[in-house]
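# What the coordinates show
This is what each chain is made of:
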Amino acid sequence: MANQSGTKPSQPSPGAGSAPVQSRRTFLKAAGAGVAGVAGLVAALKPLLELESGQITLSDLLQKHYKELSQDDLDRIMARLAEKCENEYGVKPNMRDVSANDGVEFGYALSLTKCVGCRRCAHACLAENNQSRNDEEDINMSYIRVLQMKKGAINVETSDQYYEGEVPTDETFYMPVQCHQCRESPCTKACPVEATWQEPDGVVVVDYNWCIGCRYCMAACPYDARRFNWGKPKVPQDVVNPNQNYLSNRIRPSGVVEKCTFCLHRTREGRYPACLEVCPTGARVFGNLLDPESEINYILKNKRVYILKEDSGTLPRFYYFFG
Amino acid sequence: MSFQGGGGYYLLMGILAILSLVGLNAYAKQFVAGLESTGLTDQVSWGAYIANFTFLVGVAAAAVMLVIPAYVYKNKAMHEVVLFGELMAIAVIVMCLLFVTVDLGRPDRFLHLIPPFGKMNFPISMLSWDVIVLNGYLILNLHICGYLLYCKFRGKQPTKKFYVPVVFIAIIWAVSIHTVTAFLYVGLAGRPFWNHPIVAPRFLASAFAAGPALLIITFQFIRKMAHFTISNESILLLRKIITVAMLVNIFLLGCEVFTEFYSGTYHVVSAQYLFLGLHGHDKLVPWIWAAISMNAVAMILLVLPVSQKLGVLNIACLLLFVGIWIEKGMGLIIPGFVPTPLGQVVEYQPTLNETLICMGIWAFGALVYSWMLRMAIPILKGQLSASPGKA
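Residues numbered from 1 in each chain as written. Chains lettered and ligands numbered in written order. Predicted model: local features only at pLDDT ≥ 70, side-chain atom pairs only at ≥ 80, totals over all residues.

Take the environment of B:Met330 next. Residue and element names in this part refer to chain B. Mapped onto the elements, Met330 comes out in helix α12 (residues 330-337). Linking Met330 and Ser37, residues 293 residues apart in sequence, is a C-alpha distance of 19 Å. Aside from chain neighbours lying at most four places away, what touches Met330 is Ala51, Leu284 and Trp287. (Helix = DSSP H or I, 4+ residues; strand = E, 2+ residues; numbered from the N terminus. Contact = placed C-beta atoms within 7 Å.)

Here we take up the confidence of the model for chain A. The pLDDT averaged across chain A works out to 92; a share of 93% of its residues lies at or above 70. Considering only residues more than four positions removed or in separate chains, one finds that residues 1-19 of chain A, a stretch of pLDDT under 50, has 20 contacts. (pLDDT = per-residue confidence, 0-100.)

All names here are of chain A. Buried residues dominate strand β2 (residues 106-111), accounting for 5 of its 6 residues. In the sheet, β2 pairs with strand β10 (residues 284-288) via 5 bridges, with the strands oriented antiparallel. Note that in β10 the partner of Gly107 across the bridge is Gly287. Bridging between β2 and strand β12 (residues 318-322) involves 4 bridges; their strand directions are parallel. Bridging across to β12, Ala109 finds its partner in Tyr319. (Buried ≥ 20, exposed ≤ 12 C-beta atoms within 10 Å, placed from the backbone. Pairing = 2+ DSSP bridges.)

Bringing the sheet that holds β10(A) into the picture now. Residues and elements named next belong to chain A. The mixed open sheet is built from 4 strands, whose spatial order is β10-β2-β12-β11. The strands lining the two open edges of the sheet, one partner per strand, are β10 and β11 (304-306). Each neighbouring strand pair of the sheet contributes to a mean axis angle of 30 degrees, computed without reference to strand direction. In this sheet, β12 lies alongside β11 in antiparallel orientation, the contact comprising 3 bridges. If you follow Arg304 over to β12, its bridge partner there is Phe322. Sitting on the sheet, helix α9 (residues 295-302) is in contact with β2, β10, β11 and β12, with an inclination near 110 degrees to β10. (Axes fitted to C-alpha atoms, helices over the stretch in contact; angles between N-to-C directions.)

Let us now look at helix α3 (residues 71-89) of chain A. Compared with the 27 Å implied by 1.5 Å per residue over 19 residues, the 26 Å span of α3(A) between its first and last C-alpha is a close match. Taken from the residues just after α3(A), A:Gly90 is the one with a positive phi, measuring 75 degrees. (Expected span 1.5 Å × (residues − 1).)

Residue and element names in this part refer to chain B. At a minimum axis distance of 9 Å, the contact between helix α9 (residues 268-275) and α12 shows a crossing angle of 130 degrees. In terms of orientation, α9 lies oblique with respect to α12. Once α9 is placed against α12, the crossing between them reads as right-handed. Residues Ser270, Ala271, Tyr273 and Leu274 of α9 form the contact with α12, whose participating residues are Gly331, Pro335 and Gly336. Split into classes, the residues belonging to the contact of α9 with α12 amount to 4 nonpolar, 3 polar and no charged. (Parallel < 35°, antiparallel > 145°, perpendicular 65-115°, else oblique. Left-handed = near helix turned anticlockwise from the far one by under 90°. Nonpolar A, V, L, I, M, F, W, Y, C, P; charged D, E, K, R; others polar.)

Now the structure itself:
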């Protein structure tokens, strides 16, 4: 084929030489097709007119990654977020950015013996963290999924998350599952843009203003701990938690991933996570793994501890125990 | 001029353009509403978009099955058609990139992926690798096709050092795009259905069957529509390649099915969902068995001498292409999410809007490919040239 270039046909090829006669018609055809094309394009893009103003702004597009923001940048962004929350959800939040404390690594343990499956933790999570919900009963976006499991083995295949009626029942026990804040976290490895990372105190956070919404982290998580905002979050005005934090419970934008942060806006200031505070059985133990005197360390040293999906090599900071 | 008669070409382009616009319209709706407009859930968080993406990466990589005979084994028949394979790789990579883009929750932030604007998590995230290898493959093929066509257009002999090294890089690169895409899934320890080493080799085997199958059909189409001489020899060589790839693919499927079902560990549940249904949920079951039947029939036809007849070969290619599209698409992605890591069974069904977006991207890919052929064929035939009079 390469040597064909030397053997051009001496006659003009069909089409190439007939230009002058057809040029007017060709031009009209091309112009007609062009007009039809542009009209079609405009018609196709018409739904974009329904974009809410402020849904995508230039300052959002130009915002840098959380770790590269100066304090001034961050203050400005938080002021903007607060204003947005007030405009769209009718509540003016107290927006902060609480940092990790030195010498702290959070750990969480949950007693499978004590838990009765009341799901108050799952509801408290929603009240604290401003997740989207369709109605009062809707806890799909809660960071805690409570599994009702058949006694005899710890096998998630026998579990039911949508159980109803009185709890506990004789045949079952309960296993609440939330983010395990893994030391070898598959989700942070997966993220292509470093929008999610482990903080110095071990909490895995998401920069909701940086996440591109690819959901690779959700595929990577062995604990089904991440939630996605498929649309704009629905949070009724009367249940918005106004105490909001940049890397945890502020109302998320549409199209980004969110997850449990061990309520870092509370726990970094010495309070307990909302799910622990509400637990009626005392099944939940939270504390500093680096403090040898902490209750969590007592549990890890003295109780029979179970690690969910230990074989996936995630080295969680969340433990189950018996007793 | 390339599609003689003209009318057929414009009709085809018109239809493809309309379908693309319908897809664009559906995407504009999704852009406003968010991914709520899809059938995806927190439980099954990837669906039709990623399934089509995964399959098409294979089709793009398959151009290498023309390139290797043409450049490594200096097969003359393949050399005449190799450019059509490389052009197809370009169109298909464009489709891949579109499928990933429409899957993003925040497409407005795509710059976050691209250094220096963004913060690419390289080399840790397999997705960052995928961004690099896919775009790299696109650039390599654009260079090869662009350079060769340009030389032909100017009536020059192409200078080997400007493209032959790139061709060889592209061969390795083609393997890498599919391997990296497989590793996206293989690397996830929390998803046992994907987390085993045979996935990547199977990806390659099925790709080297599905891609050339599409090329066989395309070549005949080009031959007929554009009166471009393509010898049967190249088509029959592709048939041999497909046959081997298909046999390897089916063998590896057998290995997979045996390991899952014979040992029957708890890993088997996703495969159970796919092949048999789980707790009464069986939306994928008819699809996967249809795919397996199509692949089986295609394989039998291919190994029989009767498929040297183009009519039979075309049937085999069509069956195989659709079969692998189901199996390497939805059949691979969805069971990875069912059941969830916490044992929950949630089924996925694409919405109409989602389906229209997929259709739009397929149409747009075909549009891009047809348009590139429209440019390339007259140049290759010597009808379109910078200096038609001389040389």
